[in-house]
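For reference, the chains in residue letters:
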Amino acid sequence: MGRKNYLFSKSDNGAVDNAIFFSLIESCDLVGIEPLKWLTDVLGNLHDDTPADQIRQMLPYYYMKSHA
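Cut-off values and rules
Residues numbered from 1 in each chain as written. Predicted model: local features only at pLDDT ≥ 70, side-chain atom pairs only at ≥ 80, totals over all residues. Heavy atoms only, no water. Helix = DSSP H or I, 4+ residues; strand = E, 2+ residues; numbered from the N terminus. Buried < 20%, exposed > 50% of the residue type's maximum accessible area, 1.4 Å probe, protein only. Areas by Shrake-Rupley, 256 points an atom, 1.4 Å probe, with all protein chains shown as cover. Phe/Tyr/Trp six-rings, centres within 6.5 Å; stacked < 30°, edge-to-face > 60°. 1 Å grid on protein atoms, 1.4 Å probe; cavity = no way out; pocket = protein on both sides within 12 Å on 5 of 7 lines; lining within 4 Å. Points joined across faces, edges and corners; volume = space filled by probe spheres on them. Core = buried A, V, L, I, M, F, W, Y, C linked by side-chain atoms within 4.5 Å. Contact = heavy atoms within 4.5 Å. Axes fitted to C-alpha atoms, helices over the stretch in contact; angles between N-to-C directions. Parallel < 35°, antiparallel > 145°, perpendicular 65-115°, else oblique. Left-handed = near helix turned anticlockwise from the far one by under 90°. Nonpolar A, V, L, I, M, F, W, Y, C, P; charged D, E, K, R; others polar. Patch = residues over 30% accessible without salt bridge, like charges linked within 9 Å, V, L, I, M, F, W, Y side chains within 5 Å. Salt bridge = Lys/Arg side-chain N within 4 Å of Asp/Glu carboxyl O. Arc of directions from axis to C-beta.

Thoughts on the overall build of the chain
- When its secondary structure is counted, the chain shows five helices and zero strands.
- Put simply, the chain runs from its N terminus to its C terminus through helices and strands in the order α-α-α-α-α.
- For the chain, the proportion of its 68 residues judged to be buried stands at 16%.
- Accessible surface, the chain: about 5,400 Å² in total, of which carbon and sulfur atoms supply 58%.

As structure tokens, this is what we get:
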């Protein structure tokens, strides 16, 4: 996905944020999760005080294992 997707990022930080987002979406595709469903579920369960271990479990690979 690379260069073309980062072309319109307004800053270096924006390009990094885009790279993270696109990587998560592509990870969903790789493990067979529908990206919109995954993103909706994760954003609904993510809070300011969510522990790091719980956030790790929300990543696509681990999410697939727990929701299969």
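The discussion continues.
Notes on the packing of aromatic side chains
- Under the criterion given, the structure shown has two aromatic pairs.
- Seen from their ring centres, Y61 and Y62 are 5.3 Å apart, and the 80° between their planes marks the pair as edge-to-face.
- Classification of Y62 as partly exposed rests on a relative accessible area of 26%.

Re the layout of surface pockets
- In this structure, the largest pocket occupies an estimated 160 Å³ of space.
- Among the elements that line the lining of the largest pocket, the one with the most residues is helix 3 (residues 35–45), at four residues.

What about the nonpolar core?
- Among the nonpolar cores identified, the biggest contains six residues, and these are C28, I33, W38, V42, M58 and Y63.
- Setting aside residues no more than four positions away along its own chain, M58 makes contact with W38, V42, N45, L46, T50 and Y63.

A look at the packing of helix 2 (residues 12–31) against helix 3
- Two elements in contact, helix 2 and helix 3, have axes separated by 9 Å at closest approach and are oriented at 120°. Taken together, the axes of helix 2 and helix 3 lie oblique to each other. Read as a crossing pair, helix 2 and helix 3 show a hand that is right-handed. Residue-level contacts link F21, L24, I25, C28 and D29 of helix 2 to P35, W38 and L39 of helix 3.
- For the contact of helix 2 with helix 3, the class distribution of residues is seven nonpolar, no polar and one charged.

Observations concerning a nonpolar patch on the surface
- On the surface, L43, L46 and I55 cluster together to form a nonpolar patch covering roughly 250 Å² of accessible area.
- Its place among the elements puts L43 in helix 3.
- Taking the relative accessible area as the measure of exposure, L43 reaches 55% and is therefore exposed.

Observations concerning helix 3
- Considered for burial, the residues of helix 3 that qualify are P35, W38 and V42. Along helix 3, the residues classed as buried sweep out an arc of 65° about the axis, all on the same side. Turned more than 90 degrees away from the buried face of helix 3, the exposed residues are L36, K37 and T40.
- Buried residues belonging to helix 3 abut helix 2 and helix 5 (60–66).

Note that all results are geometric; they support no functional claim without further evidence.
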